[in-house]
Amino acid sequence: MQTFIDHARGFSDRIANRSEERAEFARLAAGQSPQALFITCSDSRVIPSLFTGARPGELFELRTAGNAVPPHRAGQAPSSEAATIEYAMRVLGIRDIVVCGHSHCGAVGAVARGDDLGGVPAVRDWLTEQIPDELPDDDGPAVTAAVQRHVREQLERLRGYPCVRERLAERKLRLHGWFYEIDTGLVLAHQSSVDAFLPL
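First, a word on scope: everything that follows refers to the structure included in this document. Keep in mind the model is a prediction, meaning the values are calculated, not measured. All residue numbers here refer to positions counted from 1 along the written sequence of the relevant chain. At least 70 in pLDDT is required for a residue's local features to be given in this predicted model, at least 80 for side-chain atom pairs to be given and counted, and no such filter applies to totals for whole chains, interfaces and linings, which use all residues. Calculation of side-chain values draws on the structure's entire complement of heavy atoms; hydrogens and water are dropped beforehand.

1. Overview of the sheet that holds strand E1 (residues 36–41)
Paired strands are those between which DSSP finds at least two bridges. Under the DSSP-based scheme used, a helix requires at least four consecutive residues in state H or I and a strand at least two consecutive residues in state E, with every element numbered from the N terminus. Strand order in the open sheet formed by 6 strands is E2-E1-E3-E4-E5-E6, with mixed pairing between adjacent strands. Pairing within the sheet leaves two strands with one partner each, and these edge strands are strand E2 (59–64) and strand E6 (196–199). For this sheet, the mean angle separating the axes of adjacent strands, direction not counted, is 30°. Two residues form a contact once any of their heavy atoms are found within 4.5 Å. In this analysis an axis means a line fitted to C-alpha atoms, helices contributing only their contacting stretch, and an angle means the value between N-to-C directions, from 0 to 180 degrees. Relative to E2, helix H4 (residues 80–90) is tilted by about 165°, and along the sheet it contacts E1, E2 and strand E3 (96–102).

Structure representation (structure tokens):
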């Protein structure tokens, strides 16, 4: 933790001494206009800006256990996920949503393997609600097939949100399914024409 504290202490000084960065952060303070809503896992090994090259202000991020998108249900209780998606669509006018799963995903792997999660009941209940039981058999550590199936399911769930449906109908939104390989850095994208994940 001390490394993080030391870096945070000196961050404003580093910005103050670089006119280009100072101007960039001043622009960010005036408001945001991100290029994409990036939905991915809470896993600490998945750093979207690292493999996309995104600068501050370019990605509006939603991180959940297993990059799960709760299904939209009329009259449902408000959730952080639904609020983030709605804000991205109706306030920020974002034109692209990426759902990015990753290899070696603990959440999807636990469901695919049928792990006993009795010691972490909140995790168990979230995963039971959010990750479908009908994942393909995938007992490898990367759980590639299971994660890719899960990403496709989350794209379908997004289409159930009224704010997403509206923008899709107006042709003002594109949905993307990605799979990030932690061990290689390779990023694959779902190609609906062949229903497969292929390198970008």
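Here the narrative resumes, following the displayed structure.
2. Regarding the nonpolar core
Among buried residues, the Ala, Val, Leu, Ile, Met, Phe, Trp, Tyr and Cys ones that are joined through side-chain atoms within 4.5 Å form a nonpolar core. Each residue is placed in one exposure class: buried if its accessible area under a 1.4 Å probe, protein chains only, is under 20% of its type's maximum, exposed if it is over 50%, and partly exposed if it falls in between. By size, the foremost hydrophobic cluster in this structure holds 36 residues, and its most contacted members are Leu 37, Ile 39, Ile 85, Met 89, Ile 97, Leu 158 and Val 164. Where this core is concerned, the elements lending two or more residues are E1, E2, H4, E3, helix H5 (106–113), helix H7 (144–159), helix H8 (162–169) and strand E4 (174–180). Take this core: its biggest share by element is 5 residues, from H7. Discounting chain neighbours no more than four positions away, the residues touching Leu 158 are Ile 39, Val 69, Ile 85, Ile 97, Val 99, Val 164 and Leu 175. Listed in part, the 9 residues of the second largest apolar core include Val 46, Val 98, Cys 100 and Trp 178.

3. Digging into the packing of aromatic side chains
Pairs of aromatic rings are described using the distance from one ring centre to the other and the angle between the two planes. Two rings from Phe, Tyr or Trp (for Trp, the six-membered ring) form a pair when their centres sit within 6.5 Å of each other. Planes less than 30 degrees apart are called stacked, planes more than 60 degrees apart edge-to-face, and all others tilted. One pass over the full model with this rule turns up 5 aromatic pairs. Put simply, the rings of Phe 38, Phe 51, Trp 178 and Tyr 180 pair up and form one aromatic cluster.

4. Considering the pairing of E3
Most of E3 sits out of view: 7 of its 7 residues are buried. The two faces of E3 match: Asp 96, Val 98, Cys 100 and His 102 on one face and Ile 97, Val 99 and Gly 101 on the other face are all buried. As defined by bridge partners, E1 adjoins E3 across 4 bridges and the pair is classed as parallel. Of the residues in E3, the one forming a bridge with Leu 37 is Ile 97. Pairing geometry for E3 and E4, over 7 bridges, is parallel. Within E4, the position partnered with Asp 96 by the bridge is Arg 174.

5. A short note on the packing of H4 against H8
Look at H4 against H8: their axes get within 9 Å of each other, and the N-to-C directions meet at 30°. One way to sum up the angle between H4 and H8 is to call them roughly parallel. Viewed along their axes, H4 and H8 form a crossing whose handedness is left-handed. Touching Ile 85, Glu 86, Met 89 and Arg 90 of H4 are Pro 162, Cys 163, Val 164, Glu 166 and Arg 167, all from H8. Looking at the contact of H4 with H8, its residues break down into 5 nonpolar, no polar and 4 charged. Note that the term roughly parallel is reserved for angles under 35 degrees, roughly antiparallel for angles over 145, roughly perpendicular for angles of 65 to 115, and oblique for everything else. The hand of a helix crossing depends on one turn: near helix anticlockwise from the far one by less than a right angle means left-handed, and clockwise means right-handed. Each residue receives one of three labels: charged for Asp, Glu, Lys and Arg, nonpolar for Ala, Val, Leu, Ile, Met, Phe, Trp, Tyr, Cys and Pro, and polar for the others, Gly being one of them.

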